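In case you want the letters, here they are:
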Amino acid sequence: MDLEIRTRREMAKSDRGEGAVSYIAVIILIAAILGAIAVSGIGQKIANGIGTGIDKVTSAQPKAS
């Protein structure tokens, strides 16, 4: 019974292109999440909250001497 031992080079060839597929899957996942946020309206709530926080920080009145 002959057992074929695959070299690292042969193993690497079988995984060729896997990185690109993984990146595409992540991009599709992020696009789906962003699409769900846009459709649900929660994006506007987040933007309003950030704007309110910025307004609070930037409109702080200087201390009277």
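Now for a look at the structure at hand. (Residues numbered from 1 in each chain as written. Predicted model: local features only at pLDDT ≥ 70, side-chain atom pairs only at ≥ 80, totals over all residues. Heavy atoms only, no water.)

## Some remarks on the overall build of the chain
Looking only at helices and strands, the chain has three helices and zero strands in total. Among the 65 residues that make up the chain, the fraction classed as buried is 0%. When the accessible surface of the chain is summed, it comes to about 6,400 Å², and 64% of that surface belongs to carbon and sulfur atoms. (Helix = DSSP H or I, 4+ residues; strand = E, 2+ residues; numbered from the N terminus. Buried < 20%, exposed > 50% of the residue type's maximum accessible area, 1.4 Å probe, protein only. Areas by Shrake-Rupley, 256 points an atom, 1.4 Å probe, with all protein chains shown as cover.)

## Points about helix α2 (residues 18–40)
Taking 1.5 Å of rise per residue, the 23 residues of α2 would be expected to cover 33 Å, and the 33 Å separating its terminal C-alpha atoms lies within 8% of that figure. With its phi angle positive at about 90 degrees, G41 sits one or two positions after the end of α2. (Expected span 1.5 Å × (residues − 1).)

## Examining a nonpolar patch on the surface
On the surface, a nonpolar cluster with roughly 900 Å² of combined accessible area is contributed by V26, L29, I30, I33, L34, I37, I42, I46, I50 and I54. Those elements giving two or more residues to the nonpolar patch turn out to be α2 and α3 (42–58). Among the elements that take part in the nonpolar patch, α2 stands out by supplying six residues, more than any other. Using a relative accessible area of 52% as the deciding quantity, one classes L29 as exposed. (Patch = residues over 30% accessible without salt bridge, like charges linked within 9 Å, V, L, I, M, F, W, Y side chains within 5 Å. Salt bridge = Lys/Arg side-chain N within 4 Å of Asp/Glu carboxyl O.)

So, to be careful, I would describe these as geometric facts and stop short of saying anything about function.
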